[in-house]
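# Observations on the model geometry
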Amino acid sequence: PARRSLRLMEFWRRFARNRGAVVGLAVLALVLLLAATAPILFPGSPWDMAGAPFMPPGEMGMLLGSDSLGRDVAAGIAHGARISLLVGAVSTVVALA
């Protein structure tokens, strides 16, 4: 057990020195947090046409504005992150199998 904890500490020490790895981990954590909280932050369907097309950010409570069909862009990104993470996880499991 002590040897394992030393190896783990060495791994994290090396990992922390690699700036790209730390930034990548932070981005992954942010995407995971966004995907996990998507139903809370954006309770409606991302497919709902809630406003006028091409609304600027902040209009009608839309964080990133709306697309050409009046859908909330931020809601689409948040709910799309869930699907993207699921596809990545499934493809990784299939590749490992």
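Owing to the predicted nature of the structure, the values given are computational and were not obtained by experimental measurement. (Residues numbered from 1 in each chain as written. Predicted model: local features only at pLDDT ≥ 70, side-chain atom pairs only at ≥ 80, totals over all residues. Heavy atoms only, no water.)

A few words now on a nonpolar patch on the surface. A contiguous nonpolar patch, built from Leu-8, Phe-11, Trp-12, Leu-25, Leu-28 and Leu-32 and spanning about 580 Å² of accessible area, is present on the exposed surface. When residues of the nonpolar patch are traced back to their parent elements, those giving at least two are helix H1 (2-17) and helix H2 (19-41). (Patch = residues over 30% accessible without salt bridge, like charges linked within 9 Å, V, L, I, M, F, W, Y side chains within 5 Å. Areas by Shrake-Rupley, 256 points an atom, 1.4 Å probe, with all protein chains shown as cover. Salt bridge = Lys/Arg side-chain N within 4 Å of Asp/Glu carboxyl O. Helix = DSSP H or I, 4+ residues; strand = E, 2+ residues; numbered from the N terminus.)

With that out of the way, let us pick up unusual backbone geometry. Outside of glycine, negative phi angles account for most residues, and trans bonds account for most peptide bonds. Positive phi values are uncommon outside glycine, yet Phe-54 reaches one of about 55°. Mapped onto the elements of the fold, Phe-54 is located in the loop between H2 and helix H3 (73-96). We note that Met-60 has phi near 55°; this positive angle belongs to a residue other than glycine. Residue position: Met-60 is located in the loop between H2 and H3. With a relative accessible area of 59%, Met-60 lands in the exposed category. (Buried < 20%, exposed > 50% of the residue type's maximum accessible area, 1.4 Å probe, protein only.)

Once that is clear, we can look at the side chain of Ser-66. In this structure, Ser-66 sits in the loop between H2 and H3. On the basis of relative accessible area, Ser-66 is assigned to the buried category, the value being 7%. Within the local environment of Ser-66, its side chain forms a polar contact with the backbone oxygen of Ala-52, the two atoms lying 2.7 Å apart. Here Met-55 takes part through its backbone nitrogen, which lies 2.8 Å from a polar atom of the side chain of Ser-66. (Polar contact = N/O pair within 3.5 Å; in protein donor to acceptor, adjacent residues only side chain to side chain.)

Closest axis-to-axis distance for the H2/H3 pair is 8 Å, and the angle between their directions is 115°. The angle between the axes of H2 and H3 places the two elements in the roughly perpendicular class. Two packed elements cross with a definite hand, and for H2 against H3 that hand is left-handed. Residue-level contacts link Val-31, Leu-32, Leu-34, Ala-35, Ala-38 and Pro-39 of H2 to Ile-77, Ala-78, His-79, Ala-81, Arg-82 and Leu-85 of H3. (Axes fitted to C-alpha atoms, helices over the stretch in contact; angles between N-to-C directions. Parallel < 35°, antiparallel > 145°, perpendicular 65-115°, else oblique. Left-handed = near helix turned anticlockwise from the far one by under 90°. Contact = heavy atoms within 4.5 Å.)

Moving on, we get to the pattern of salt bridges. Using the criterion set out here, one finds three salt bridges in the structure. The closest approach of N and O atoms between Arg-13 and Glu-10, which form a salt bridge, is 2.7 Å. Taken together, the positions of Arg-13 and Glu-10, both in helix H1 and three residues apart, correspond to about one turn of that helix. Looking at Glu-10, the relative accessible area reads 31%, which means it is partly exposed. With its nearest N and O atoms 3.4 Å apart, the salt bridge here joins Arg-14 to Glu-10. With Arg-14 and Glu-10 both in helix H1 and four residues apart, the pair spans about one turn of that helix. Judged by relative accessible area, Arg-14 falls into the exposed class, the value being 58%. Shared partners join several salt bridges into a network, and the residues in it are Glu-10, Arg-13 and Arg-14.

In short, shape yes, function no, at least from these values alone.
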